[in-house]
Structure formats: C-alpha cells, structure tokens
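Take a look at the letters that make up each chain.
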Amino acid sequence: MGGGRVSSSDASSTTRYVYLPAAEDVLDDTIPDRTAANECDNRIITAKYTWWNFVPKSIFEQFRRVANFYFLVQLILMFIGQNKTLNAFVNDLSPAGTLVALALVILVTMVLHLKDDLGRHQKDKETNLSTVHLLQWAAGFGAEDEHAEAVAEDIPCQRLIVGDVILVKSGEEVPADAVVLASSEAMGVSHIETSNLDGETNLKRRRSIEATHQDVMLNFAEEGLPPGTRPSPEILARALRLKGIIQTERPNMHIHTFSGEFLPQTTTRAATPLTAARVPLTVDNLIIRGCRLRACSWVIAAVVYTGKQTKAAMNNSKPPSKLSRMEKGVNRFMAIAFCLQIVMIIISDVSNLAWYDANIQNNDTHMWYLNPYREERQLALPNWLAYFFTFFVLYNNMIPISMYVMMEIANFVHAAFINEDANMYKPEVDGKALCRSANLCQELGQIEYMFTDKTGTLTSNEMVFKMASIGGILYGSPGRAFDTGLMRVRAVVDLGSLVLVSSGSPHRVLLTCF
C-alpha cells in the first residue's frame, strides 16, 4: 500500500511526522525513523449502538425517562407486596398488567431505536466502502525502475492510512485530511467547497506545496493543464517518487487552522541531517475530509489524518438521546401528577393510622367486618411505612401506562407515513423522506427560533444587479433593477474595476456570474 508512514514517537509527542512514500529515514535525533504502525484506519462510525451493547445501553436509556422509571418502581413494589415470605406490606394487585404494559413500551421503543441505528450503520458502510484513488506502482514496476509507471488504484475508503498518496478528482469528496502536493491548475491552486462542514457554499482556495508541485508537474507547473485533463502515468510516478517528511500538529478539531512544515529530502540517507530549508504549511495547504473539490480537474495529496482523527470526525459528537416537546410536556405533567399522588398517599396514610387508633387499636372485636389488620403485627415494616407503600401501589392508575404505549405506537405509525409519503419524494436525488428519530415526529413544523446571517447558509447568495461603473461607462439606473431584467450574480468572475452602488455609497466589489 505504501502508507503507514507515521513516526514511532507519535503517540507521546505533540508533533506528527508523516513520511512520503519515497522518503528515507534521516540521521537526525529530533526526527524519529518511520514505522509501519498506524494510529487508526479510515473508518468512520456514527452509529450509536453495536451488536454487544445495544440491549443494555438501550434499556439504560429507556429508564432515563421518568415514566419508565416510575412504572419500574411500581412493578418492584407490587412483587414485594405479594411476597408472603418478606411480608413487607399489604398488596392485592397483580403485577402482571403493569409488567406486560412496561415490557411493551420498552420493546416498541427498542425496535424504533434499532431501526434508526441500522440506518446509521448502513450510511457508515456506504461511506467506508466508497471508492478512493490510491497512487501505486503499476504491476511489475517499482520505485527503483527509472521508467516505472504508476496508477491510481480504486480501493475502499476505510483502507486508507496515514502517509498514503491519493488522487482526488473534481466533484469528489475528500476521503481524509490531506496536504496537497500537486494540482492540475496553474501554480498549484485548487478550490474546495465546505458546505458539508460549515454550510458555506462559497469556494475556498487551497495551494499545493510549491516544491512538490514543481517536481510533479515540471513544465506545466506554472500554466497548469487544460481543464478535464487526466493525470498521466508519468505525473503519478513523479508523485510517488517525492522525497520528504511532513511535520504536522497532533489531530485536533479546529477545521479553520492548521500548522506544519514540509521537510524536503534531496540527498541520500548517508548525508541527511535535513539541511534543506523547511517549508511552512498552513490551512491553505490542507484539504479536509467531507469537503468537495471544485474548479480543479484533480489534486494529488498526502494523507495526514484518518478516520476518527480527522477534523470533521472530531467535531462530530455521538447521536444524543433527544426528547420531543410533547415528551417533555408529558414529563412535566407527570411530575405534577406524581406530587398530587404523594399528597393523596400521605393523607390516606395519616387518615388510616388515625382511624385505626380510634376504632381498632384497643378493641379487636369492634368493626370486625372492616378489620383487615389482624396480621399487621407480622408485617416487616412499621405501620406508617407499610401502608404508605400500599397506598402508593393502589394509586398507580393516576399515571396511566397505557398512554405511553399509545404514544410509542403513534410515533411508529407516524414515522412509517413520513417514510412512504409520495409528496416528499425528491426526483433530483431519487430519494424519499427518511425519519431517523421516530420520537421526534411531533417536532415537524414547530419552529421557535430562526437565525440568519450573510454567509449564504439560509440564502441563495444572490444579489440583484442595480448599478455599476465599468471603465468609466455607467450601467443601470439608481433605484431600479437593470433594464434587461434581474441579473443575478452568483459566482466569482473578475470584471475588472467595478463599482456597485448600494444605499447611496459606492463599494468596490468583485463579481462573477454564470
């Protein structure tokens, strides 16, 4: 594969050294030799559960809900009250009904969680098995062959490791964080779109390392190749013959910052203290996983961060357990009902003890037909506590468990209708709506706050052309749109010296349009 060029001191150092495929070990105590070990592969995992932790983790999350925990306590008390061996308190209610209802609620919710997470697993699998172009020597050739040819072999994305040299074509998604070595454009310039990362659709410029771009492109380094030109086997071979070490910072989550150096190698190991000038690297030299290559036929880049160590992955948190607004409201009402239940239990318990002391305590034959307390002295708990639990179980229907059963069933059916809704089909991507969290269906259309900015996240990045001065000639009229209609400016093309009049003040701007 030609990868795995991470320094052996990576795990304990604040600096990472990435060897290019043809780089040689150096005689420098400050730079460790390369090793075939790699910190992590390029797999991405966004799923919440695994096959071994699904049941315990899902059940634990179920009992974070106040209702489920309440009914669990009720169920335990019912079993204890019916246990004649413990004889803790009096209970004649069977726990079977509560047990079946609670098990149904938990089972339905677990099925919904499993269905949601299987969708995440499927997306992870599609991402990890997506094709990336890894530069390798053609069959029968090696780096020692002067006329050897190189190819861009298609491999699964998850097989990439640090140190691999990859080819990214126009419109493709970058599979890992990588430093640009060469580009098809003049002076090694390329552009990326980061809308998947920060929502911004404007293109960001990236530059190749000047030294490596010169070595790979030779005579085409300054002018670039015609648009759409594929990299020749000779270009790929020169990329694989690059010698040097990329020194970078340890993986971090800051997608707008990057610091590093390129240490070129022009000599053999015998004369290597790396006396050549070091080339500083910034975020302009880095393409990040998840962004797309635009306005450039292709780039060749060296992978420096993979998998969970990429900046995009480090910014992603595990899917949280969310509650809908309706569930939060139900929890509040349940808390109120529970407080009322406790008040009623206390009143009933005190009244029971007062009545017992007044009518039965000193006269076992008085009201014998209403006396269920003949064996009370055998109760393991004190009277006041034993009958507190008795009334707690008797008043359990103040919070109906059937309501939660119907809520889970309604969520399941609602999600099924969303997934099969023909009006929500999008022909451009040949896809239907996909409900990933069935318990959040009630949140659709419930907008509480709306934020907007000027970056195009919630807009189309469109401006209405009104008035301009180009080369001394005035176009348009103040206060109305251009005579030929609304000219919408959407891209970036240099029109020379242009003045756009807005709100009475001229502003020098750079406009481009399709």
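Residues numbered from 1 in each chain as written. Predicted model: local features only at pLDDT ≥ 70, side-chain atom pairs only at ≥ 80, totals over all residues. Heavy atoms only, no water.

J.: How should the packing of helix α1 (residues 54–62) against helix α3 (residues 96–128) be read in this particular structure?
T.: Angle between the axes and distance between the axes: these two values describe a pair of packed helices. Two elements in contact, α1 and α3, have axes whose closest approach is 10 Å; the angle formed by their N-to-C orientations is 120 degrees. Compared by their axis directions, α1 and α3 come out oblique. Considering only the axes of α1 and α3, their crossing is right-handed. Across the interface between the two elements, F54, V55, S58, I59, E61 and Q62 of α1 pack against I106, T109, M110, H113 and L114 of α3. (Axes fitted to C-alpha atoms, helices over the stretch in contact; angles between N-to-C directions. Helix = DSSP H or I, 4+ residues; strand = E, 2+ residues; numbered from the N terminus. Parallel < 35°, antiparallel > 145°, perpendicular 65-115°, else oblique. Left-handed = near helix turned anticlockwise from the far one by under 90°. Contact = heavy atoms within 4.5 Å.)

J.: Teacher, can you tell me more about the nonpolar core here?
T.: Generally speaking, soluble globular proteins have nonpolar side chains that are buried together. If you look at the biggest cluster of nonpolar residues, it comprises 39 residues, and the most contacted ones within it are L20, L135, V179, V216, I246 and I300. Looking at this core, the elements that each hand over two or more residues are β2 (15–19), β6 (165–169), β7 (177–183), α5 (210–217), α6 (233–240), β10 (244–249), β11 (260–264) and β15 (298–305). Among all residues touching I246, those that are not within four sequence positions of it are R16, Y17, V18, L20, V179, E261, F262, L281, A302 and V304. In terms of nonpolar packing, the next biggest core, distinct from the first, is built from 31 residues, L75, A101, I106 and F391 among them. (Core = buried A, V, L, I, M, F, W, Y, C linked by side-chain atoms within 4.5 Å. Buried < 20%, exposed > 50% of the residue type's maximum accessible area, 1.4 Å probe, protein only.)

J.: I would appreciate a short explanation of α1 in the present structure.
T.: What sets the pattern is the α-helix's 3.6 residues per turn: residues three or four places apart point alike. Restricting attention to buried positions, one finds in α1 the residues F54, S58, E61 and Q62. For α1, the arc enclosing every buried residue in end-on projection is 105 degrees, short of the 170-degree limit, so these residues lie on one face. (Arc of directions from axis to C-beta.)

J.: Would you mind showing me how to read the sheet that holds β7 here?
T.: For sheets, the rule is that strands pair by backbone hydrogen bonds, running either parallel or antiparallel. Read from one edge to the other, the open sheet built from six strands follows the order β5-β4-β6-β15-β7-β13, with strand pairing classed as antiparallel. The open sheet has two free edges, formed respectively by β5 (150–156) and β13 (286–287), since each of these has just one partner strand. When β7 meets β15, the two strands line up antiparallel, connected through six bridges. The residue bridging A178 from the neighbouring strand is V303, located in β15. In the packing of α5 onto the sheet, the strands contacted are β7 and β15, and the crossing angle to β7 comes to about 50 degrees. (Pairing = 2+ DSSP bridges.)

J.: Explanation requested: the sheet that holds strand β8 (residues 189–193) in the structure shown.
T.: Taken together, the three strands give an open sheet; going across it, the order is β9-β8-β14, and neighbouring strands pair in antiparallel fashion. Looking along the sheet, the strands with just one partner apiece sit at the ends: β9 (203–207) and β14 (292–294). Across this sheet, the average inter-strand angle for adjacent strands is 45 degrees, counted without regard to direction. One ladder, built from five bridges, connects β8 with β9; its direction is antiparallel. Looking at the pairing, I192 lines up with K204 of β9.

J.: Teacher, can you tell me more about the packing of helix α8 (residues 325–359) against helix α9 (residues 383–394) here?
T.: Their axes nearest at 9 Å, the elements α8 and α9 cross at an angle of 135 degrees. When the interaxial angle is binned, α8 and α9 end up oblique. Every pair of crossing elements has a handedness; the one defined by α8 and α9 is right-handed. Across the interface between the two elements, F338, Q341, I342, I345, I346, S348, D349, N352 and L353 of α8 pack against N383, W384, Y387, F388, F391 and F392 of α9. For the contact of α8 with α9, the residue count by class is ten nonpolar, four polar and one charged. (Nonpolar A, V, L, I, M, F, W, Y, C, P; charged D, E, K, R; others polar.)

J.: Honestly, the packing of aromatic side chains in this entry has me stumped. Any pointers?
T.: Ring pairs (aromatic) are described by centroid distance and by the angle formed between their planes. In this structure the tally under the stated criterion is nine aromatic pairs. Through a chain of ring-to-ring contacts, three or more aromatic side chains come together here, namely Y70, F71, F338 and F392. (Phe/Tyr/Trp six-rings, centres within 6.5 Å; stacked < 30°, edge-to-face > 60°.)

J.: Can you walk me through the environment of V279 in this structure?
T.: Looking at the secondary structure, you find V279 in strand β12 (residues 279–281). Looking at V279, the relative accessible area reads 27%, which means it is partly exposed. Considered as a pair, V279 and G260 are 19 residues apart in the sequence and their alpha carbons are 8.6 Å apart. Aside from chain neighbours lying at most four places away, what touches V279 is I209, G260, E261 and F262.

J.: I'm lost on the pattern of salt bridges in this one. Help?
T.: Throughout the structure, instances matching the rule amount to eight salt bridges. For E173, the salt bridge is made with R292, and the minimal N-O distance between the two is 3.6 Å. On the criterion of sequence distance, the pair formed by E173 in the loop between β6 and β7 and R292 in strand β14 is long-range, its members being 119 residues apart. Judged by relative accessible area, which is 30%, R292 ranks as partly exposed. Across the pair R278 and E261 runs a salt bridge, and its minimum N-O distance is 3.2 Å. With R278 in the loop between β11 and β12 and E261 in strand β11, this residue pair connects regions lying 17 residues apart in the sequence. By relative accessible area, R278 is classed as partly exposed at 38%. (Salt bridge = Lys/Arg side-chain N within 4 Å of Asp/Glu carboxyl O.)

J.: What's the story with the side chain of Q74 in this structure? I'm lost.
T.: If you trace the backbone, Q74 turns up in helix α2 (residues 66–82). For Q74, a relative accessible area of 1% corresponds to the buried category. Contacts of Q74, omitting those with residues within four sequence positions, involve Q341, F392, V393 and N396.

J.: It is not clear to me how a nonpolar patch on the surface should be interpreted in this structure. Could you clarify?
T.: A cluster of nonpolar side chains, L107, V111, M406, I409, F412, V413 and F417, forms an exposed patch at the surface whose accessible area comes to about 670 Å². Elements with a minimum of two residues in the nonpolar patch: α3 and α10 (401–419). With five residues, the top contributor of residues to the nonpolar patch is α10. In this structure, V413 sits in helix α10. (Patch = residues over 30% accessible without salt bridge, like charges linked within 9 Å, V, L, I, M, F, W, Y side chains within 5 Å. Areas by Shrake-Rupley, 256 points an atom, 1.4 Å probe, with all protein chains shown as cover.)

J.: What is the right way to look at unusual backbone geometry in this model?
T.: A negative phi holds for most residues other than glycine; trans holds for most peptide bonds. Positioned with a positive phi, N87 is a non-glycine residue whose angle comes to about 50 degrees. Within the secondary structure, N87 sits in the loop between α2 and α3. The exposure class assigned to N87 is partly exposed, which follows from its relative accessible area of 24%. Even without being glycine, A295 reaches a positive phi, approximately 50 degrees. Within the secondary structure, A295 sits in the loop between β14 and β15.

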